[in-house]
Amino acid sequence: MDLSFLDEDNSPFAFGRIAVGETFVNRTDEKKRLALNFAHKVNTILISPRRWGKSSLVKEVGTAMNKAHKQFRFAYIDLFSIRTESEFYEAYAKEVIKCSSTKFDEWVNNAKLFLKNVTPKISISADTQHEFDLSFDVKDIKKSYETILNLPERIAKEKKIKIIICIDEFQNISSFTDNLAFQKRLRSYWQLHQHVTYCLYGSKRSLLIQLFEKKNMPFYRFGDTMYLEKIQAKYWQPFILNAFAKTKKKINLDQIDRIINLMQCHPYYIQQLCYLVWIRSGKTVKDDDVNASIEDLVNQNANLFEREAESMSNSKIAIIRAIASDNHSGLSSADIIQEFKLGSSANVTKTLKALDLDEIIDKRKGEYFLIDPSFELWFRKRFLGKRITL
Ligand SMILES: Nc1ncnc2c1ncn2[C@@H]1O[C@H](COP(=O)(O)OP(=O)(O)OP(=O)(O)O)[C@@H](O)[C@H]1O
Ligand SMILES: [Mg+2]
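Residues numbered from 1 in each chain as written. Chains lettered and ligands numbered in written order. Predicted model: local features only at pLDDT ≥ 70, side-chain atom pairs only at ≥ 80, totals over all residues.

(A) How the structure looks around the overall build of the protein chain. Summing up its helical and strand segments, the protein chain has 17 helices and 9 strands in all. Against the 2.2 N^0.38 benchmark of 21 Å for 390 residues, the protein chain shows a C-alpha radius of gyration of 24 Å, consistent with a compact globule. When the backbone C-alpha atoms are referred to their principal axes, the protein chain occupies close to 65 × 60 × 40 Å. The burial tally for the protein chain puts 37% of its 390 residues in the buried class. Relative to all contacts within the protein chain whose residues are 6 or more apart in sequence, the contacts with residues 24 or more apart total 71%. (Helix = DSSP H or I, 4+ residues; strand = E, 2+ residues; numbered from the N terminus. Rg over C-alpha atoms; globule rule 2.2 N^0.38 Å. Buried ≥ 20, exposed ≤ 12 C-beta atoms within 10 Å, placed from the backbone. Contact = placed C-beta atoms within 7 Å.)

Here you go:
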């Protein structure tokens, strides 16, 4: 196989992994607010639908702060694959220990020193210098909540550092067994910490709101809540133009605007669509390259969307139809009920809630919209007979 086409420039677009460095667009205000919160020990709750850039933003700020001031240390914990309280403690202790030093030997020493009454099992991988794992005996954990949950505070004080603990997909704790007691436990220790700040983020808006905005919940008003927005077109335009230009390809402003409009400023999908256009095009991007790439992107997801739609109730489809036929201007629940004769308002409210939990729709400023622009394009074609391309 001739692989000479691989000698061309690296792709200037990234999707499906965290956007860093040159692929990271704007977010100047959000970066500043997060950095200020972290520096001034204000706990932060960051919420947005999937793939709008929460993880990228937190990582970008963390990397920059740590580079500028070594006393800021970031521990990143992802609850995506953590299903129990004990798994949480292991991940928590491990990441806190890891952020406290860049030296491998110190990790082991610190684990032994700061966790001595929990007697952690420490495993070190022989082949690489940097694999380090901790596990606890479940019986010990019950006696040692305090040692584990106060670990970052004690290390930060002792080593004169500031630890920022970033917990991704935080809404997952609401599916742990006895999670209310667990939340109370976390809150009771964390609120006393003076050298540790927490950044808790995730995408299931309704679950996160339950955790942080319900008066009777332990995490009620735990910190500053930021609703992350998409990235505005005016920031995407120069990024896309420049990304093509520096890899010696030409794209015109109309084509850029079509990409941005069709993907409704959605960070993941703009990067994906740009990538598809970029690999398809020659030196100059043709309109057909853009059209074919959009078809490609929607077709990639069509099977999944088809299956999703098949399992939906008629009232869900009716509501999606109402939102999708409105050309992105956004509908309030009253509009939806009135204009589309969708039955009783109680039923519509119930269905809207279910669609929100499924992460199909979201609500901003009282108006609903479909989260996934490629699903919207697919839906409009499949259910409303609209063309995908403009
Ligand atoms: N600031 C940014 N500039 C450019 N692209 C971005 C930016 N933020 C996010 N993206 C794009 O969006 C994709 C998703 O970003 P990220 O994983 O940070 O989102 P997320 O909100 O954490 O998603 P999830 O809810 O699935 O965890 C990235 O792979 C990247 O393509
Ligand atoms: Mg993420």
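After presenting the structure, the write-up continues.
(B) Examining the domain arrangement of the protein chain more closely. For the protein chain, the domain assignment lists domain 1 (5–15 + 231–307), domain 2 (27–227) and domain 3 (312–384). Domain 1 and domain 3 are separated by 27 Å when their C-alpha centres are compared. Looking at side-chain class alone, the side of domain 1 that touches domain 3 contains 7 nonpolar, 3 polar and no charged residues. (Domains from an automatic or database assignment. Nonpolar A, V, L, I, M, F, W, Y, C, P; charged D, E, K, R; others polar.)

(C) A look at the sheet that holds strand 2 (residues 72–78). Within the open sheet, the 5 strands sit side by side as 2-5-6-1-7. Their pairing is parallel. The sheet is open, and its two borders are formed by strand 2 and strand 7 (224–227), each paired with just one other strand. Strand-to-strand twist across the sheet, computed as the mean angle between neighbouring axes with direction ignored, equals 15 degrees. Of the strand pairs in this sheet, strand 2 and strand 5 (residues 162–168) are connected by 7 bridges, and their pairing is parallel. Within strand 5, the residue paired with alanine 75 across the bridge is isoleucine 165. Across the face of the sheet, helix 7 (residues 151–159) comes into contact with strand 5 and strand 6 (196–202) while running at roughly 150 degrees to strand 5. (Pairing = 2+ DSSP bridges. Axes fitted to C-alpha atoms, helices over the stretch in contact; angles between N-to-C directions.)

(D) Up close: the site of ligand 1. Around ligand 1 sit 23 residues, and of these Val25, Gly53, Ser55, Ser56 and Pro267 come closest. Taken together, the residues of the shell around ligand 1 sort by class into 10 nonpolar, 8 polar and 5 charged. Each of domain 1 (5–15 + 231–307) and domain 2 (27–227) accounts for three or more of the residues forming the shell around ligand 1. (Near = placed C-beta within 6 Å.)

(E) A look at the nonpolar core. One finds Ala93 and Val96 to be the most contacted residues of the largest nonpolar core, which totals 51 residues. Apart from residues no more than four positions distant in its own chain, valine 96 is found in contact with Ala75, Leu151, Pro152, Ile155 and Ile163. In terms of nonpolar packing, the next biggest core, distinct from the first, is built from 44 residues, Phe13, Ile259, Trp278 and Leu355 among them. (Core = buried A, V, L, I, M, F, W, Y, C linked by C-beta atoms within 7 Å.)

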